[in-house]
Amino acid sequence: MRDGKRVSGAVPYGYYRKPEDKQTLYVDELSASVVRRIFQFACEGMGATAIADGLPNRCLAI
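Sequence positions are assigned chain by chain, starting from 1 and proceeding in written order. A pLDDT threshold of at least 70 governs which residues receive local features in this predicted model, and a stricter bar of 80 or more applies before side-chain atom pairs are shown or counted, although totals over entire chains, interfaces and linings include all residues. The basis for every side-chain value is the complete set of heavy atoms in the structure, and neither hydrogens nor water enter the calculation.

Colleague: What's the story with the overall build of the chain in this structure? I'm lost.
Modeller: Only DSSP runs of H or I with at least four residues qualify as helices, and only runs of E with at least two residues qualify as strands; both kinds are numbered from the N terminus onward. When helices and strands are counted, the chain shows two helices and two strands. Secondary structure elements of the chain, listed N to C terminal, follow the sequence β-β-α-α. Across the 62 residues of the chain, 11% fall into the buried class. Contacts between residues were defined by any pair of non-hydrogen atoms, one from each residue, lying within 4.5 Å. Summarising the internal contacts of the chain: among those between residues at least 6 apart in sequence, 14% fall at separations of at least 24. As displayed, the chain has an accessible area near 5000 Å², and 56% of this comes from carbon and sulfur atoms. Exposure categories follow from relative accessible area, calculated using a 1.4 Å probe and restricted to protein chains: below 20% of the type maximum is buried, above 50% is exposed, and the middle band is partly exposed. Using the Shrake-Rupley algorithm and a 1.4 Å probe, accessible areas are obtained, with residue cover drawn only from the displayed protein chains.

Colleague: What am I meant to see in a nonpolar patch on the surface here?
Modeller: Surface patches are defined over residues having more than 30% relative accessible area and no salt bridge, joining like charges when they lie within 9 Å and nonpolar side chains (Val, Leu, Ile, Met, Phe, Trp, Tyr) when within 5 Å. What counts as a salt bridge is simple: a side-chain nitrogen of Lys or Arg found within 4 Å of a carboxyl oxygen of Asp or Glu. A contiguous nonpolar patch, built from Val-11, Tyr-15 and Val-27 and spanning about 230 Å² of accessible area, is present on the exposed surface. For Tyr-15, a relative accessible area of 39% translates into the label partly exposed.

Colleague: How should the environment of Ala-32 be read in this particular structure?
Modeller: As for its position among the elements, Ala-32 is in helix 1 (residues 29–43). Overall, the relative accessible area of 7% leaves Ala-32 in the buried class. With sequence-adjacent residues up to four places away left out, Ala-32 is seen in contact with Gly-14 and Val-27.

Colleague: What should I look at first to understand helix 1 in this one?
Modeller: Quick reminder: α-helices carry 3.6 residues per turn. Residues three or four places apart thus point the same way. Here, expected helix span is obtained from the residue count minus one, scaled by 1.5 Å. Taking 1.5 Å per residue as the helical rise, helix 1 with its 15 residues ought to reach 21 Å, and the 20 Å between its terminal C-alpha atoms agrees with that figure. What helix 1 keeps buried is the set Ser-31, Ala-32, Val-34 and Phe-41. Where the residues of helix 1 are buried, they touch strand 2 (21–27) and helix 2 (48–54). Immediately downstream of helix 1, the backbone of Gly-45 shows phi near 95°, a positive value.

Colleague: I would appreciate a short explanation of the packing of aromatic side chains in the present structure.
Modeller: Given two aromatic rings, one states the distance between the centres and the angle between the planes to describe the pair. Only Phe, Tyr and Trp rings take part, Trp by its six-membered ring, and two of them pair if their centres are within 6.5 Å. Stacked means planes under 30 degrees apart, edge-to-face means over 60, and tilted covers everything else. One pass over the full model with this rule turns up one aromatic pair. Positioned above the aromatic ring of Tyr-26 is the side chain of Lys-18, whose terminal nitrogen or guanidinium carbon lies 4.5 Å from the ring centre. Geometrically, a lysine NZ or arginine CZ counts as sitting over a ring once it is within 6 Å of the ring centre and also within 35 degrees of the ring normal.

Shape is all these values report; function is a separate question.
So this is what it looks like as structure tokens:
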């Protein structure tokens, strides 16, 4: 962590790592579009339950 490197093995939703570069996170555009949609809903004042209800399962790329 002192060197500015990641200390967690978990990769946040909307990102991925390349096998040869485990320190850098790259944007996964497919799942990042879902994250952007969730953020937009939150900015519009929607709560967590309303956001979850507004995201059909078919649009979630997990």
